[in-house]
Amino acid sequence: MADRVTVIGWDGSPLTAAARAALGAATLVAGAAHHLALPEVPPAAERIRLGSVALAARRITGHRGTAVVLADGDPGFFGVVRTLRAPEFGLEVEVVPGVSSVAAAFARAGMAWDDAQVVVAHRRTLRRAVNVCRAHTKVAVLTSPGAGPAELGLLMEGVHRTFVICEELGTDREQVTVVTSDKAADHTWRDPNLVIVIGGTATVTDGGGWIAGRDPSAAPRGWTLPAEAYGGLMGEGELEPLRAAQLARLGPRVGDLVWDIGCGSGAFATEAARAGAAVIAVDRDLRACERTEANARAFGLQLQIVPGIAPHVLENLPEPDVVRVGGGGLAVVSAVADRRPQRIVAHAATRDEAELLGRDLTEHGYRVECALLQSVELDTRAWTETERSVAFLLSGVLPDRTA
């Protein structure tokens, strides 16, 4: 095992004295091509072109001498330190950090970033990164080849955002460009790059916040809120007990895309967005669409509202992770199941209707559960019944999509 392993973060500025001392004593240096070309790298040191960090860690484990790993920015922030410290390699490392590319990008933009979400976009995680950009007002996206600004812009069709694209930060070729999301695909962007995605109005806290990202204390407590929070009257399919059960079955989370079909007042869509998910709310009634948008804005949330008649309006929507079917019956449930979301919830007024929907979901390969939900609301001043609701709740889980 190497006698000493130092990880040096480089942000384009001159190396610190500690970094130069560690590099000067190195007998093995691992890094990207532009790192290995630095004049401070000892000519006699063994050099490893850094591709797979795991492979480099194995080489370092078998090395007898002093090793240095060079990485861009802060190597402890979505960087190489996590892999090098994995138990399978047993490496103890010293870290000399540089300024992270995220911090540098926000500095170039002149913006605070303690309220930003930070995501990594690879080909396999690009869709989830896009969903975070749909749901949040400020996101930094650490891109990669094939999952860059152009791909982000294409997948955000129908959602307006501003992109601040930072190319080759810390080099002589550094460039910062501001474009709207729909124009990002019209350009060819140089790697490496980082995208700051801005949209909507962020909540401003006097004196600064207390937690990075979205401040949970800015929203009222409760997974679901009473009808009064959304402007009053709701349909049978939107009453709070049913909404709570639907949210529990779907479990919307950051990185998910939720479809709310038959959004009505927007109560469920708003509550899914409060959980951090991206939401597309669909309704045939333009007044329902307007009400949903107004309720979401009141909570400072970002929704995409799509007016139209399901199932036809669903054809060109991006792939969902979980779906609430609030209206449309068997035709809509079947069309949704064809898109293979991980989870689906629907409700029915009668057992016969519930059985029809459940059989269709089963035929589509879903594991189906059905429960009869009955709730009675009492006026506690006189302990008299004020409202009663009964509904069959159906939920379907796709066994081959459990993540």
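Refer to the structure printed above.
Now for a quick tour of the structure. Just so you know, these numbers come straight off a predicted model, no measurement behind them. (Residues numbered from 1 in each chain as written. Predicted model: local features only at pLDDT ≥ 70, side-chain atom pairs only at ≥ 80, totals over all residues. Heavy atoms only, no water.)

## Some words on the layout of surface pockets
Next up, step 1: Reported here for the largest pocket is a volume of approximately 1,300 Å³.
Next up, step 2: Taken together, 41 residues line the largest pocket, and the ones lying closest to its centre are D72, S101, L142, T143 and P192.
Next up, step 3: Elements represented by at least two residues in the lining of the largest pocket include exactly α2 (33-36), β4 (66-72), α5 (101-109) and β10 (193-198).
Next up, step 4: Considering every element that reaches the lining of the largest pocket, the biggest residue donor is α5, with four residues.
Next up, step 5: For the lining of the largest pocket, the residue count by class is 20 nonpolar, 14 polar and seven charged. (1 Å grid on protein atoms, 1.4 Å probe; cavity = no way out; pocket = protein on both sides within 12 Å on 5 of 7 lines; lining within 4 Å. Points joined across faces, edges and corners; volume = space filled by probe spheres on them. Helix = DSSP H or I, 4+ residues; strand = E, 2+ residues; numbered from the N terminus. Nonpolar A, V, L, I, M, F, W, Y, C, P; charged D, E, K, R; others polar.)

## A look at the sheet that holds strand β6 (residues 117-120)
Next up, step 1: Here we have five strands laid out as an open sheet, ordered β6-β7-β10-β8-β9, and mixed in their pairing. A strand with exactly one partner marks an edge of an open sheet, and here the two such strands are β6 and β9 (175-180). Geometrically, the sheet is characterised by an average inter-axis angle of 20° between neighbouring strands, direction not taken into account.
Next up, step 2: Looking at chain direction, strand β7 (residues 138-142) and β10 are connected through five bridges and run antiparallel. (Pairing = 2+ DSSP bridges. Axes fitted to C-alpha atoms, helices over the stretch in contact; angles between N-to-C directions.)

## Digging into the nonpolar core
Next up, step 1: Among the nonpolar cores identified, the biggest contains 27 residues, and W259, I261, L314, V325 and V336 are the most heavily contacted of them.
Next up, step 2: Listed by contribution, the elements that provide at least two residues to this core are β11 (257-261), β12 (278-283), β14 (322-325), α11 (329-338), β15 (343-348), α12 (351-363) and β17 (384-397).
Next up, step 3: It is α11 that contributes the most residues to this core, four residues altogether.
Next up, step 4: Non-local contacts of V336, meaning those with residues more than four positions away in its chain, are made with W259, I261, L314, V323, V325, P341 and I344. (Core = buried A, V, L, I, M, F, W, Y, C linked by side-chain atoms within 4.5 Å. Buried < 20%, exposed > 50% of the residue type's maximum accessible area, 1.4 Å probe, protein only. Contact = heavy atoms within 4.5 Å.)

## Here we look at the packing of aromatic side chains
Next up, step 1: Using the criterion set out here, one finds four aromatic pairs in the structure.
Next up, step 2: Residues Y230 and F299 carry aromatic rings whose centres are separated by 5.8 Å and whose planes lie at 40° to one another, so their mutual orientation is tilted. Within this pair, whereas Y230 is found in the loop between β10 and α8 (240-250), its partner F299 is found in the loop between α10 (286-298) and β13 (304-307), the two being separated by 69 residues in sequence.
Next up, step 3: Look at Y230 and you get buried, because its relative accessible area is 1%.
Next up, step 4: Residue class for F299 comes out partly exposed when judged on its relative accessible area of 23%.
Next up, step 5: Aromatic rings pair up to connect F77, F78, F106 and W113 into one cluster. (Phe/Tyr/Trp six-rings, centres within 6.5 Å; stacked < 30°, edge-to-face > 60°.)

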